[in-house]
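The primary structure of each chain is shown beneath.
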Amino acid sequence: MTRVLAIETSCDETSAAVLDGTGDSTSLRSLVILSQDVHRVYGGVVPELASRAHLTAIEPVTRRALAEAGADLESVDVFAATMGPGLVGALLVGVGFVKALAFARQRPLVGVHHMEGHLFATSLEHAQAVPPFTALLVSGGHTLLMDVEAWGRYRILGRTRDDAAGEAFDKVAKKLGLPYPGGPHLERLAKDGRAGRVRFTRPMLRKNQTPSDPDYYDMSFSGLKTAVVTEIGKSEIENGKSKHAADIAFAFQDALVETLVEKTARAAEQYRRDRVVLGGGVACNKTLVNAMTERMATLGANVYAPTARLATDNAAMIARAALFHFEHGRRDGLDLNAYATLAIPGLIA
Ligand code: KG4
Ligand code: ZN
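A short tour of the structure in this document, coming up. By convention here, each chain's residues receive numbers from 1 onward along its written sequence. The naming scheme follows written order: chains are lettered A onward, ligands numbered 1 onward. For a predicted model such as this one, the threshold for reporting local features is a pLDDT of at least 70, and the threshold for listing and counting side-chain atom pairs is 80 or more; totals across whole chains, interfaces and linings nevertheless cover every residue. Excluded from the side-chain calculation are hydrogens and water; included are all heavy atoms of the structure.

Surrounding the zinc ion (ligand 2) are the protein donor atoms His114 (NE2), His118 (NE2) and Asp313 (OD), which sit 2.1 Å from the metal. If you list the donors of the zinc ion (ligand 2) from N- to C-terminus, the spacing comes out as H-x3-H-x194-D. Of this pair, histidine 114 sits in helix H3 (residues 114-121) while aspartate 313 sits in the loop between helix H9 (308-311) and helix H10 (315-327); the two residues are 199 residues apart in sequence, bridging distant segments of the chain. For the pair shown, histidine 114 and aspartate 313 are each scored as buried. Only nitrogen, oxygen and sulfur atoms qualify as donors, provided they sit within 2.8 Å of the metal or within 3.2 Å for Na, K and Ca; with water excluded from the atoms, sites may seem incomplete. Note on conventions: DSSP H or I runs of at least 4 residues are helices, E runs of at least 2 residues are strands, and numbering of each starts at the N terminus. The buried label applies to any residue whose accessible area, calculated with a 1.4 Å probe on protein chains only, is under 20% of its type's maximum; exposed applies above 50%, and partly exposed to all values in between.

Note that a disulfide, as used here, is simply two cysteine sulfur atoms within 2.5 Å. Inspection of the entire model under this criterion finds zero disulfides. Considering cysteine sulfurs only, cysteine 284 is the nearest to cysteine 11, which forms no disulfide, with 15 Å between them.

Now for the pattern of salt bridges. When a carboxyl oxygen of Asp or Glu lies within 4 Å of a side-chain nitrogen of Lys or Arg, that pair is called a salt bridge. With the rule as written, the count across this model stands at 26 salt bridges. Taking the shortest distance from any N to any O, the salt bridge between aspartate 24 and arginine 320 comes out at 2.7 Å. Linking aspartate 24 in the loop between strand S2 (13-22) and strand S3 (25-35) with arginine 320 in helix H10, this pair joins segments that are 296 residues apart in sequence. By relative accessible area, which is 46% here, aspartate 24 ends up partly exposed. A salt bridge links arginine 105 to glutamate 74; its shortest N-O distance comes to 2.2 Å. Here the residue arginine 105 occupies a position in helix H2 (residues 88-105), and glutamate 74 occupies one in the loop between helix H1 (47-69) and strand S4 (78-84), the gap between them amounting to 31 residues. What makes glutamate 74 partly exposed here is its relative accessible area of 41%. Overlapping salt bridges, with partners in common, bring together Asp147, Glu149, Arg153, Arg155 and Arg273 in one network.

The pairing criterion is simple: DSSP has to find at least two bridges between the two strands. Pairing in this open sheet of five strands is mixed, and the strands run S3-S2-S1-S4-S5 from one edge to the other. Of all the strands in the sheet, the pair left with one neighbour each is S3 and strand S5 (109-113). On average, adjacent strands in this sheet sit at an angle of 20° to one another, irrespective of strand direction. Where S2 and S3 come together, ten bridges link them in antiparallel fashion. Directly across from leucine 19, in S3, lies its bridge partner leucine 28. Packed on one face of the sheet, H2 meets strand S1 (2-8), S4 and S5 and runs near 160° to S4. Working convention: axes come from line fits to C-alpha atoms, limited for helices to the stretch in contact. Angles between N-to-C directions cover 0 to 180 degrees. Contacts between residues were defined by any pair of non-hydrogen atoms, one from each residue, lying within 4.5 Å.

This is the structure:
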């Protein structure tokens, strides 16, 4: 059994987790997530403020994670942190912190790729969410469609060419006058929308596409966002809000969800996977999860989605990915750095 203490500080969540385990048999001892509130008034994450908030939060958050796990630093076998991609100043807080711990306790150190962490998150809650599977990672910063042949062996099939799925949710929500981050608010508003009132074209989704087409798996949400903004502009405004906001929200979500679902179905079919694993904040969207589950059932595939705590940024997924790399011999030195952009390790052609 190996005990991992992991830290995640790539964006606006300060998180620490303690995980015990061997291979796919793991036990999450604790997970503490502190969501930074300071960005709310700005309607987006302010990097410098994020770094400062991580600095003040990281020590108490880590202490709390250890206390909840009933663990002390001496019992930790491996220290881990997200090393990228993300906000460099924010990442450096976590990386610097675990470097100091690893040095002080003379224990190994493992840096983790943030998106690889998301791939592991669902397996902490669903024993079947292990490779091989098709993965769809949808967050505020990323939209990635992948084939996961094994842990550490990944094929990137498609990604967004412009806005991430969550970013599209947030931008459209803002135009509809909803608070930040808008995804969950938009999903709620869409429940009051009626189908068929408004319809948006499914971006980069055509029946005659073939796997050799560059846009067979790729996605694009910025055109959809513009179409929605145009529609809002055309609609009647009452008290500063579109009278058809709910119908527009419904139609936007419908177009975005169908695009994600169909692209994922293509991947599951081509690689003959019977499992689809979702991750990232947008995986909290019930409309997406339900539509995905229904569509995959027609292919005989099961869908696994994490609960909100593990879908959004958290240190538990970083600990799980670190455990995998530690067991495969990975050791980082005290020269471990943080990177704004970083290729996922283990990519295969
Ligand atoms: O993974 P995450 O917490 O942070 C990163 O971006 O890395 O994802 C946050 C994103 C935001 O864009 C937020 O609006 C979106 O996830 N989100 C949702 C829902 N809950 C969170 N989008 C649509 N429907 C939801 N229920
Ligand atoms: Zn993330």
